[in-house]
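Reading the structure
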Amino acid sequence: MSRLRPWVTVLSAMALLSAACAPSAPTPPAPPAGASQPAQPVDSGPFPTKPIEIIVPFAPGGGYDAVARQLAVPLQKELGQPVVVKNVPGGGQRIAARQFQQSEPDGHTILYGSDTPLYTSTFVDPAEGFDIFSWQWIAGIRGQTPMVAVPGNSPYKTLEDVLAADKAGKKLRFGHNGIGGFLPTQVAFASAVGIKNGVWVGGFQGTADIAPAFIRGDLDIEVWTPLSSTTKFVESGDFRPLAVLDAKRSPTLPNVPTARELKWPGVEKLEALGSQSGFAAPPKTPADRIAKLEKATLNALKDPDFAKWAKDTGVAEDLIPSAGKDFGVLKKAEYELWKTLTEELKKAVN
Amino acid sequence: MTSKPWQRVSFWVTIALAVFALTIALSSLGLKRDAKALPQLISFPLLVVLGLLLLGEFVPRVQSFFVISWLPTATPGGENLDLTEEQELERELVETEREETGGEVLLRDIPWRLVSLVFVGIVLYGVMVLAAGFIVAGLAFTMVFVKGFGGATWRGAALLGIGTVGTMYALALLLRADLYPGMLFGGKLPPF
Amino acid sequence: MFDLSPIWGTLGQLARPEVFGLMLLGNVIGLVFGVLPGVGGGNAFILFLPLTFGWDPEVAIWFLMGMQGASSFGGSLPAILIKVPGDTVNAVAIFDGYPMTRRGEATRALGIDVMSNILGATIGAIVVIALLPVMRSAVLLFGPPELFWVAIMGLFTIALASGGNFLKGLAGGAVGILFSLIGYSSVIGVQRFTLGRDYLWDGVQLISLFIGLFAIAQVIEFCTAEVPISRLTTGFKGFEGLKRGAIEVLGMPGHLIRSSAIGTLAGIIPGIGATASAFISYAMAIQFSKKKHLFHHGNPEGLVAANASINAKEMGSLIPALGFGIPGSVEGALILAALLFHGLQPGPFLLRDQPGIVWALIVSLWISNVFGTLLGLFWANWLSRLMAIRVVYMAPVILVSSLMGVYLVRNNIWDIFTAIFFGMVGYGLNKAGFPVVTFVIGFLLGQIAEKYFFQATQISLGDPAVFFESGISKSIAAITVLMVLGVIWSGVRSKRAVNAVEVAS
């Protein structure tokens with residue numbers, strides 16, 4: 001029953017989005033034809049009239065936080081109002097999700113998030129107080145390509161070695177930081193390539209402490225997202241990359257083949273594993289405001305200062321500036337993938 | 001020790017802790033094996049320790065068995081029974097301080113009226129923040145408190161209140177953090 | 001030995017007036033944020049980071065490290081003077097700093113504070129520089145089994161800190177451990193004792209617990225026992241006291257070195273935390289002290305142990321940040337955020353590609369510790385006049401500002417109620433004679449020990465031998481055993497001594 005509701009909501013949300021975001025930036029707004037919703041965006045008055053708040057569901061200092069703070073500078077120029085980053089960490093993003101859901105739908109509060117951990121944890125351990133399918137995506141910002149790697153001194157050179165070891169009954173240790181974190185990605189990977197003897201080692205905080213454990217050889221294999229935070233370990237030889245999970249090779253790691261090139265099993269699923277993040281507005285935010293925010297975001301992503309920063313830090317290659325509508329489609333595909341993995345996730349958690 | 005156990009604060013706090021430990025011990029029974037290992041490893045021995053403490057409240061001998069004094073004492077054997085002058089001074093200092101602060105606190109030593117007034121005041125402040133936000137609640141609390149407890153003039157109370165809240169408001173402004181505005185002024189009750 | 005000459009080049013930057021000025025400005029900001037309860041130096045760092053946009057990265061580092069270096073001293077001032085710690089790490093300073101203030105020896109305490117801050121940072125800096133060539137291996141030496149033993153050793157210091165009624169110390173520690181288990185554990189994959197509330201998913205927030213136990217409990221104390229903070233007006237005044245305190249620190253090299261070593265180590269190995277290392281260092285100081293009875297009654301050794309370890313920890317946390325580009329701690333995360341913000345890629349190659357930045361970080365953090373502390377001194381003299389204010393005026397100000405600080409940490413209004421709850425817990429524990437020190441150590445390390453235990457077990461696929469594999473595991477385990485034996489022995493000895501005195505008299 002409760003599994004059905006999201007479907008209804010997602011459909012209506014999609015309809016709403018396509019109506020709202022059809023005039024995608026930077027083309028001048030034109031009334032979309034043939035939409036079943038009221039086509040003409042109603043003028044909801046002057047906007048923005050006060051500082052815009054970006055909710056970041058993580059503590060200050062992480063990758064999400066850095067992007068949001070850097071993006072806040074050009075956004076401020078675009079919108080003519082201060083743009084403030086508000087960190088609401090905790091509860092596997094659920095605290096932020098609830099706060100966001102309840103916020104005033106006037107466009108002054110937006111969320112910078114990736115909801116992958118949210119709905120995976122929703123499948124396994126249903127939570128109340130928010131409904132990710134009611135969120136209105138403003139724009140896609142970052143699509144983080146995952147990379148599969150083994151430690152630099154690992155006996156495994158290819159996925160075939162790993163699978164052979166798995167078949168021989170060897171346990172393969174993956175590190176994670178919980179159901180609201182990296183666990184779903186690891187489980188999905190193992191399931192897609194057919195690893196049977198995965199061991200999920202939890203208790204980590206994040207990349208920060210998984211990386212040393214991995215280099216020490218405490219773990220056997222890991223799917224790393226985002227790629228940009230791990231390239232330095234590939235260069236130093238601490239990580240031995242097996243493949244990137246994307247349709248094309250990464251510009252920073254041109255020597256690492258893609259899963260598709262290597263003809264890995266379950267490659268479609270693997271390529272959907274990247275974590276897609278973007279700005280969202282709470283449900284019922286007026287369409288004209290969303291359009292304005294969308295345009296501002298897409299322009300901010302092109303800002304020279306931001307672009308330079310993104311290039312210096314390697315963030316640039318993950319950027320996927322995309323209109324809210326297109327991003328919503330991407331989100332739906334993600335949802336489909338994770339839904340099929342519900343049983344595996346439940347098993348991994350318990 | 002002339003006081004009865006139930007006249008002492010430590011008796012009642014020990015019981016409260018025992019209730020807490022028992023709650024944890026019982027509610028961890030239903031957890032899976034790994035999850036209940038540590039809670040049980042800690043809570044059951046804790047119950048024993050608290051039991052011993054309660055016993056000690058009734059039987060002073062038990063209590064004194066577990067008291068380890070760090071006060072300087074003369075070494076046994078008799079050759080150095082006298083403490084140095086400095087040690088004597090320090091010993092005196094510690095003992096006077098202990099009399100004032102630690103030691104046995106009896107229930108009747110605690111100014112209950114005052115303490116409960118302060119407790120209620122602080123909780124009320126929390127509720128006020130929830131209802132009316134930090135600015136209003138902070139101002140009101142500071143003023144009423146200083147006026148009521150300190151006997152300050154209204155003008156002085158207002159000055160202190162505005163000073164405190166103003167500083168915090170400026171800081172929040174600087175931090176670009178919005179202080180909770182309170183439910184009366186449009187603040188949403190955050191998820192719990 | 002490797003080339004140390006970049007140090008002089010980096011120090012030379014201080015001659016540039018804008019660099020020096022910005023560092024001092026950073027110091028002032030760090031001090032102000034440090035003093036305010038609940039609002040730590042981290043807030044200042046995040047707040048001012050965007051301001052440095054477009055600056056020369058090295059100049060920005062001087063400014064940012066200026067804030068970082070000064071904030072822990074700022075936090076120790078209210079801890080010593082009014083028994084309200086400015087930040088969680090400073091809570092240890094109240095145990096011996098505040099009793100000194102009450103005796104009228106505030107300036108002596110501040111002198112000790114200053115000197116141990118500076119020396120702790122200096123020792124930390126020396127260790128960090130010495131470890132630079134081998135920093136990667138230093139970090140990699142500690143995996144889950146080793147960290148498990150570190151946590152266990154830390155937990156056993158509960159026994160060291162349990163003076164007076166030994167059972168009460170143990171009980172306090174155990175209750176602390178139980179509180180730490182509330183929340184979601186990703187290593188076991190369960191939520192425990194959360195009453196089904198997402199609010200408790202992340203467990204009890206450290207800042208709420210500390211503000212409750214220390215600030216709010218103190219507010220209640222202020223209101224109910226109308227006593228002036230300093231009951232004696234004699235003692236050491238002004239510069240005399242400062243000098244005496246500062247010189248006293250030099251007379252305890254053992255405490256200085258041990259505490260700094262604990263602090264630096266806690267910085268290098270991610271996962272223990274600055275607050276825990278300060279408490280462990282305090283408990284260890286008790287064990288090694290000849291004046292055990294004076295702890296909690298204004299023992300300068302306690303103050304030294306706390307401060308030296310905090311400042312050494314700050315230096316130590318540079319190691320994982322510089323060596324791996326991973327944040328080993330809050331401080332490390334901030335430094336990484338700063339590097340990333342300025343387009344520098346922290347990681348294994350930072351020392352090779354950007355040696356100037358690495359040296360700038362080390363030197364500026366150390367120098368700003370020294371300058372920030374000295375700068376804070378001027379202020380301290382002024383702040384110490386606070387004690388003349390009637391406590392009844394101070395109580396509401398502390399309550400209002402510290403609860404606001406609690407809220408600002410993660411914008412969750414329920415946190416202030418958690419803090420109020422722990423304020424009452426703290427008041428009850430105090431009155432019943434349960435030591436807060438052991439409660440806090442239990443809280444800080446209980447869940448951590450459990451986490452590393454299961455993590456190590458999962459990594460070894462269930463083989464318990466993993467806990468005795470490495471030399472480090474074995475030695476920490478051995479130290480723990482020795483420590484416990486030492487406690488038992490000194491306990492028995494003091495019992496015998498007491499008996500002997502009783503027999504003799």
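Everything numeric in this text was worked out from a predicted model, so none of it was measured. Here the residue index of a chain counts from 1 through its sequence in written order. The lettering of chains begins at A and the numbering of ligands begins at 1, in the order of writing. Since the coordinates come from a predicted model, pLDDT governs what is reported: local features require at least 70, and pairs of side-chain atoms require 80 or more to be given and counted, while whole-chain, interface and lining totals use all residues. Computation of side-chain values covers all heavy atoms of the structure but excludes hydrogens and water.

What about the pairing of strand β1 (residues 52–56) of chain A?
A regular strand places its side chains on the two faces of the sheet in alternate fashion. Residue and element names in this part refer to chain A. Counting buried positions over the five residues of β1 gives five, a clear majority of the element. Burial classification: accessible surface area is computed with a 1.4 Å probe over protein chains only, and a residue below 20% of its type maximum counts as buried, one above 50% as exposed, and the rest as partly exposed. Helix numbering and strand numbering both begin at the N terminus, where a helix is a DSSP run of H or I of at least 4 residues and a strand a DSSP run of E of at least 2. What you see with β1 is no split at all: I52, I54 and V56 on one side and E53 and I55 on the other are buried throughout. Strands qualify as paired when DSSP identifies two bridges or more between them. Sheet topology note: the β1/strand β2 (residues 83–87) ladder contains five bridges and is parallel. Note that in β2 the partner of I55 across the bridge is K86. As defined by bridge partners, β1 adjoins strand β3 (residues 109–113) across three bridges and the pair is classed as parallel. Of the residues in β3, the one forming a bridge with E53 is T109.

Some details on helix α10 (residues 287–301) of chain A
The span one expects for a helix is its residue count, reduced by one, times 1.5 Å. In this model α10 of chain A runs 21 Å from its N-terminal to its C-terminal C-alpha over 15 residues, within 8% of the 21 Å that 1.5 Å per residue would give. Among the residues of α10 of chain A, D288, R289, I290, A291, L293, E294, A296, T297, L298, A300 and L301 of chain A are the ones counted as buried.

Quick word on the side chain of S260 of chain C
Structurally, the position occupied by S260 of chain C is in helix α12 (residues 253–268). Pairs of residues are marked as contacts when any of their non-hydrogen atoms sit within 4.5 Å. Other than its neighbours up to four places away in sequence, S260 of chain C contacts G120, I123, A308 and A312 of chain C.

Digging into the confidence of the model for chain A
Each residue carries a pLDDT score, the predictor's own confidence in it, on a scale running from 0 to 100. On average, chain A scores 80 in pLDDT, and the residues at 70 or more come to 85%. Below pLDDT 50 for its whole length, residues 1–39 of chain A participates in 43 contacts with residues either more than four positions away or in separate chains.

Description of the pattern of salt bridges
Residues and elements named next belong to chain C. Salt bridges, as used here, are contacts in which a Lys or Arg side-chain nitrogen is within 4 Å of a carboxyl oxygen on Asp or Glu. All chains considered together, the criterion is met by 21 salt bridges over all chains. As a salt-bridge pair, R103 and E105 come within 3.5 Å of each other at their nearest N and O atoms. Bridged by salt links that share partners, the residues R103, E105, R108, R244 and E248 form one connected network.

Some thoughts on the pairing of strand β7 (residues 198–201) of chain A
Residues and elements named next belong to chain A. Bridge count between strand β6 (residues 172–175) and β7: four bridges; the pairing is parallel. Within the sheet, the bridge partner assigned to G175 lies in β7 and is V201. Handedness of the β6-helix α6 (residues 183–193)-β7 crossover: right-handed. Crossover handedness is defined here as right-handed if the route from the first strand over the helix to the second strand goes clockwise, with the strands pointing away from the viewer.

So, the interface of chain B and chain C
Each side of the interface is counted separately: chain B has 81 residues, and chain C has 79 residues. Summing both sides of the interface, chain B and chain C together bury roughly 7500 Å²; the carbon and sulfur share of this comes to 79%. At the boundary of chain B and chain C, one finds zero salt bridges. What qualifies as a polar contact is a pair of N or O atoms within 3.5 Å, subject to a donor-acceptor requirement within protein and to the restriction that residues adjacent in sequence count only when both atoms come from side chains. Across the contact surface, chain B and chain C share three residue pairs in polar contact (both at pLDDT 80 or more). Those elements that place two or more of their residues in the side of chain B that touches chain C are α1 (9–27), α2 (33–58), α3 (60–65), β1 (67–68), α4 (85–100), α5 (112–150) and α6 (154–175) of chain B. Per-element tally for the side of chain B that touches chain C: the top contributor is α5 of chain B, with 19 residues. Three categories are distinguished: nonpolar for Ala, Val, Leu, Ile, Met, Phe, Trp, Tyr, Cys and Pro, charged for Asp, Glu, Lys and Arg, and polar for the others, with Gly belonging to the last. Of the residues contributing to the side of chain B that touches chain C, the split by class is 59 nonpolar, 14 polar and eight charged. Once two parts are joined, some of their accessible surface, as seen by a 1.4 Å probe, is lost; buried area is that loss totalled over both.

Structural notes on the packing of aromatic side chains
Aromatic pairs are defined between Phe, Tyr and Trp rings, using the six-membered ring for Trp, whenever the two ring centres lie within 6.5 Å; interplanar angles under 30 degrees are classed as stacked, those over 60 as edge-to-face, and all others as tilted. In total, this model carries 45 aromatic pairs over all chains according to the counting rule given. Consider the rings of F189 of chain A and W264 of chain A, whose centres lie 6.2 Å apart with planes at 55°: the pair is tilted. Taken together, the positions of F189 of chain A in helix α6 and W264 of chain A in the loop between β9 (239–244) and α9 (267–271) put the pair 75 residues apart, joining distant regions of the chain. A relative accessible area of 5% means that W264 of chain A is categorised as buried. Consider the rings of F11 of chain B and W12 of chain B, whose centres lie 5.1 Å apart with planes at 85°: the pair is edge-to-face. F11 of chain B sits in the buried class, given a relative accessible area of 8%. An aromatic cluster is present here, built from F95, F210, F214, F279, Y282 and F295 of chain C joined pairwise through their rings. Counted as over-ring charges are cases with an Arg CZ or a Lys NZ within 6 Å of the ring centre that also lie within 35 degrees of the ring normal. Across from the ring centre of F434 of chain C, 5.6 Å away, lies the NZ or CZ of K168 of chain C, which sits over that ring.

Section: the nonpolar core
Considering soluble globular proteins, one finds that nonpolar side chains tend to be buried as a cluster. For our purposes a nonpolar core is just a set of buried Ala, Val, Leu, Ile, Met, Phe, Trp, Tyr and Cys residues, chained together by side-chain atoms within 4.5 Å. The biggest cluster of nonpolar side chains holds 248 residues, and the ones touching the most others in it are F239 of chain A, F134 of chain B together with F279 of chain C. For F134 of chain B, the contacting residues outside a window of four places in its chain are Y125, V129, L139, L179 and Y180 of chain B together with L403, M404, Y407, I413 and I416 of chain C. In terms of nonpolar packing, the next biggest core, distinct from the first, is built from 53 residues, I55, V88, F123 and V187 of chain A among them.

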